[in-house]
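# Results of the structural survey
Given next are the chains, with one letter for each unit.
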Amino acid sequence: MADTIAQLEPSHVLIEGPVDFNGRLDELLLDHTLPIALFSHVRREHRSRVTWTPFTEWSPEWVALRSASKMGARPSFIDLPTWHPEFDDTSPPHGPAVSSMLARLAVDTEDALWESVIESRSTELTTDAMTDLLNEYFDAVRADDLTVSERERYMASWIRTVRDSPSRGAVVVVCGGLHRPAIMAELVRTSLSNSFTRPSVPTPDPELDVGSYLVPYSYERMSTVYPWWCESAWRDPVTVADTAIAAIVRNVRSHGHPASTVDFIGLRQQMYGLASLRGHAVPTRTDVLDAAASTLIDEALPTRLPWTTNADYARGQKHPVIELCLATLRGTRRGSLHPASPVPGLVHHVVNLLDAESLAFGTTIVLDLIDPAARTRSRILHQLRVLAVPGFERDSGPESGVDPVSVEQWTLVDSPGRIPALIEAAAQGHTLSNAAGVALDAALANCGSDIPAVTRILFDAILCGLDTQSRRTGRAAVSAIESAFELGDVGLLLRASLDLWRHDSLFGSRGSTALAAVVDSASARTTVLAGRLRASPAGADLSRIAAVAALSDAMRHAPEVLSADPSRELAATARGPGGAVDVRGAALGAIWDTTTSSDALSVVSSVRPEQLGDWLSGLFGVAREQFSDSESSDRVLDVVDDVVSSSTEHDFLLALPALRQAFEFFPPRERASIARRVGTAPAPGESELGGPELSVDDGRRLDARVDVALSRVGLQ
C-alpha cells in the first residue's frame, strides 16, 4: 500500500470506510497509540446495533490514510454509513468457490488457504507481482457470485466520479479484496459520469439515533485471530516464525508447562520441515502452530486443533498449551486515544455525576439505603454496573426486595477500560439512566423465557431506580411469563415481584404499577401451570409448593392487582385425582380459609396412603398457620391418624420420610400441639406422647432410631 501510493503520487485515495465520517478524518490523524477502532452505533427506540472498525499500524486503511496525508493526497471514505440497513446482512459474501479451492489445495480452512496462496509467498514477490496474485485470488473467491451489493454500487459511484473528473490525477482505491471483483464489474458496466459532483451522503431517518466515535481497542478484541503475528510479519516477514516460536516457548514456560531447550530445537526443526514439505518459502502461522502442538503436547487431544477447523473452538474442550500458543500469536497490545479525541456526551455526563456525588476512585463506599442521598449514589453505581463499566465493584448489599440488609459496600477503582466502555455505552443512550435502561432491555431480549434471568433483571431495574425502565422490564417479564412452563421458576418471579410490591421501602418500588402487572400475570400463570401438573412417582417438590405459596400470598395481600380470582381453578386442582399430589395439597392450602370441613375431608380421603406425606407437604407448605387455627384441621388429622394406625410396619416405614418432611414445616411447639390433638391427654410427668417427659437428648435418640429403621428398608 505504501509503495503504491509513493509510486503513483495520487491526487485521491479512496478508502472503504463510512462516508459520513469524512468530515472528521482529522481525528484519525491525531497521535493515537494503536490499535484503536471507529465505533459506530444505530439505535431505534430501544434496539441498538453497533460495529467496530479497527485500525492497527499494519491495517491497509491506516497505512493509506497516513501515506495519503504524507503525500498531500486527498483521502476519502467511500462506503455507506454503518447505520445503513445494508450492514444488517452478516452472511458471508462467498460460497462454493472457496470450498473448491480448499479441496484442490488440500487445506482445512480459509485462513490456511490465505496463508498457502498469499502469505507464504510474501517474501519472494514484488509489489506488482503480489498485486496480480491478490487480484487473481479474490477473482477466484468471487467467481460464483458477482452480484453487486448496494455497498459495492455506492463505492463504485464514488470511484467513477473521481476517476472521470477531468482535473484528477492518479486515484488509489483501498477496499476489501472480496469487494474488488464486483466493484470492477460495476465500473465496466456503467458509462462515464456526466456529473463530477460527489455522490450524496445518505442521511438517517429522524427516528434513528446514530453516532461514531474513536475508541481505544486491543488485540484481544480483534476479530483477526492472530494480530500479534500480523504485526510481526508486517515488520519482518522473514524472521516472524522464529520470533513466534521463541515467544510461544517463553509463554509456555512462564505458565509452568515443561518446554526444554531440546523441545525448542525440535519445534524449530519441525516448523521448517513442515514449511518445506508444504512448499512455503517462509513458515506460516499454521506451520508454527502445528509444530508447537506436535512438540509441546504429549497426550492425545479430545478435539481437532482449532486452526484446522471452522467449528467454534470456544465451545469445545480446551488444552492449556494450545490456549497459550493462540494467546501468544494473538498478543496483548492495547491502544489509547490522543487526549484531543472527541468523546460522546455520556462520558462527560458520568464524570459530572461522579464528581457531584463525591464518588472518588481509590475508595471504598458504604451506603445506607435508608438515606435518600445514599440511595441516589447507589443508583448511579448500579447503572454503571449494568452497563459493565469497569471500576465499580459491589462488594455486598441486599440481594432481593425483602433482604434484611440496608447497607451496600462498593469499591471504586480507576480502570483504564472505563472510558472505552462509556464511549461504547453511549450507543444505548445519551444519559446514564437511559443507557442503563437500554442495556436492561437488551438483556431481557437475550434471556427470552428464562424466568430466573427475568427476575434478576427486574431487580436490577429497581436497584437502578429506573421507574420508566421498570415498566418496560415489567412488560417484558409479563411476556416471558406467558411462555414459561416451569412452575417453580414462575413462582420465584411471583415471590420476588410480590415482595417488592408489598414491602420495598429501600428502593421505592412499593405499590409499583409495573410490579403489579407482573404479580397479576405470574399469579395467572402459576394457577394454570399448577393445574396442568400430572401425578408422578417423584416426591414433593419444594419449589412448586413455594410457587403456590406465593400465589396464596398474592390472593391474601394483593387481591386488588389480580385481574381474576384463582380460587375456583385451585379448588379444581385440589380435587383432581390425576394431578401432582404435592400441588394438590398446596392448592387446597391456598384456599384453606374458604374450604369447608367436608370439602377438606373429601380431598384428603382421595389421596392414596403412600402419597399422604407428599400431599401434606403441599398443604403445610402453603397454609401451616391457617391449618393450625382451623376446625377442618382436626378432621384432616383424624384421617392421617387413621392411615398411620392401620398401616403395617413396612407401609408405615415407606410413608415415614414424606410424613417427616411434611411435619417439619411446623416448629417443635406446634408439632407438640398436633401430637396432643391426635393422642390422649398426658398424665402428670408424661410428655404429650403419653410416655415420660422427653428431653432434647431423648428426642435426638428417637430420631436416630427412626433413621436406623428407615435405613433397614433402604429409605435413609
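Source: prediction; values computed, not measured.

Procedures and definitions
- Residues numbered from 1 in each chain as written.
- Predicted model: local features only at pLDDT ≥ 70, side-chain atom pairs only at ≥ 80, totals over all residues.
- Heavy atoms only, no water.
- Helix = DSSP H or I, 4+ residues; strand = E, 2+ residues; numbered from the N terminus.
- Buried < 20%, exposed > 50% of the residue type's maximum accessible area, 1.4 Å probe, protein only.
- Contact = heavy atoms within 4.5 Å.
- Areas by Shrake-Rupley, 256 points an atom, 1.4 Å probe, with all protein chains shown as cover.
- 1 Å grid on protein atoms, 1.4 Å probe; cavity = no way out; pocket = protein on both sides within 12 Å on 5 of 7 lines; lining within 4 Å.
- Points joined across faces, edges and corners; volume = space filled by probe spheres on them.
- Nonpolar A, V, L, I, M, F, W, Y, C, P; charged D, E, K, R; others polar.
- Polar contact = N/O pair within 3.5 Å; in protein donor to acceptor, adjacent residues only side chain to side chain.
- Pairing = 2+ DSSP bridges.
- Axes fitted to C-alpha atoms, helices over the stretch in contact; angles between N-to-C directions.
- Phe/Tyr/Trp six-rings, centres within 6.5 Å; stacked < 30°, edge-to-face > 60°.
- Lys NZ or Arg CZ within 6 Å of the ring centre and 35° of its normal.
- Salt bridge = Lys/Arg side-chain N within 4 Å of Asp/Glu carboxyl O.
- Patch = residues over 30% accessible without salt bridge, like charges linked within 9 Å, V, L, I, M, F, W, Y side chains within 5 Å.
- Parallel < 35°, antiparallel > 145°, perpendicular 65-115°, else oblique.
- Left-handed = near helix turned anticlockwise from the far one by under 90°.

For the protein, the count of helices and strands is 30 helices and nine strands. The buried share among the 716 residues of the protein stands at 47%. Intrachain contacts of the protein at a sequence separation of at least 6 include 74% that bridge at least 24 residues. For the protein, the accessible area works out to roughly 34,600 Å², and carbon and sulfur atoms hold 52% of it.

Evaluated as defined, the whole model comprises two cavities of 30 Å³ or more. Quantified by volume, the largest cavity comes out at close to 40 Å³. Around the largest cavity sit Leu-34, Thr-56, Glu-57, Trp-58, Tyr-219, Glu-231 and Arg-333, which together line it. A class-by-class count of the residues in the lining of the largest cavity yields three nonpolar, one polar and three charged.

Along the chain, the position of Ser-40 falls in strand 2 (residues 36–44). Polar contacts involving the side chain of Ser-40 include one to the side chain of Thr-82, which spans 3.2 Å. A polar contact is formed between the side chain of Ser-40 and the side chain of Ser-212, at a distance of 2.9 Å. Other than its neighbours up to four places away in sequence, Ser-40 contacts Arg-49, Val-50, Thr-51, Thr-82, Gly-211 and Ser-212.

The parallel open sheet is built from three strands, whose spatial order is 4-1-5. The open sheet is flanked by strand 4 (74–79) and strand 5 (171–174), the only strands paired with a single partner. The mean angle between the axes of side-by-side strands here comes to 30 degrees, regardless of whether they run parallel or antiparallel. As paired strands, strand 1 (residues 12–18) and strand 4 are joined by five bridges and run parallel to one another. Opposite Val-13, over in strand 4, you have Pro-75 as the bridge partner. Of the strands in this sheet, strand 1, strand 4 and strand 5 touch helix 3 (residues 60–71), which is tilted by about 140 degrees from strand 1. Across the sheet, helix 7 (residues 150–163) touches strand 1, strand 4 and strand 5, and the angle it forms with strand 4 is around 150 degrees.

The final tally for this structure, using the stated rule, is twelve aromatic pairs. Through successive ring pairs, a cluster of aromatic residues spans Trp-592, Phe-620, Phe-627, Phe-663 and Phe-666. Over the face of the ring belonging to Tyr-213 we find Arg-24, whose NZ or CZ atom lies 5.4 Å from the ring centre.

Once that is clear, we can look at helix 24 (residues 581–590). Most of helix 24 is tucked away, with ten of its ten residues classed as buried. When helix 24 is considered as a whole, its buried residues turn out to be Val-581, Asp-582, Val-583, Arg-584, Gly-585, Ala-586, Ala-587, Leu-588, Gly-589 and Ala-590. Residues of helix 24 that are buried make contact with helix 20 (487–503), helix 21 (513–532), helix 22 (542–557), helix 23 (567–575), helix 25 (597–605) and helix 26 (612–628).

Going through the model one piece at a time under the given rule, you end up with 30 salt bridges. In this structure, Arg-235 engages Glu-231 in a salt bridge whose closest nitrogen and oxygen atoms are separated by 3.3 Å. In this pair, Arg-235 and Glu-231 are both assigned in helix 9 (residues 227–235), four residues apart and thus about one turn of the helix distant. As a salt-bridge pair, Asp-593 and Arg-556 come within 2.9 Å of each other at their nearest N and O atoms. Of this pair, Asp-593 sits in the loop between helix 24 and helix 25 while Arg-556 sits in helix 22, placing them 37 residues apart in sequence. A residue is classified by how much of its surface remains accessible, and Asp-593, at 52% relative accessible area, is exposed. On the basis of relative accessibility, which here comes to 41%, the residue Arg-556 falls in the partly exposed class. By sharing partners, the salt bridges in this structure join Glu-57, Glu-231, Arg-235 and Arg-333 into a single network.

There is a patch of nonpolar side chains on the surface, built from Val-366, Val-405 and Val-407 and spanning about 210 Å² of accessible area. Looking at the element boundaries, Val-405 is found in the loop between strand 8 (392–396) and strand 9 (407–412). The partly exposed category is assigned to Val-405, whose relative accessible area is 33%.

The N-to-C vectors of helix 22 and helix 26 enclose an angle of 30 degrees; their axes lie 8 Å apart at closest approach. As summarised for this structure, helix 22 and helix 26 are arranged roughly parallel, according to the angle between their axes. In the packing of helix 22 onto helix 26, the handedness of the crossing is right-handed. Seen from helix 22, the contacting residues are Ile-545, Val-548, Ala-549, Ser-552 and Arg-556; seen from helix 26, they are Ser-617, Gly-618, Gly-621, Val-622 and Gln-626. Residue composition of the contact of helix 22 with helix 26, grouped by class: four nonpolar, five polar and one charged.

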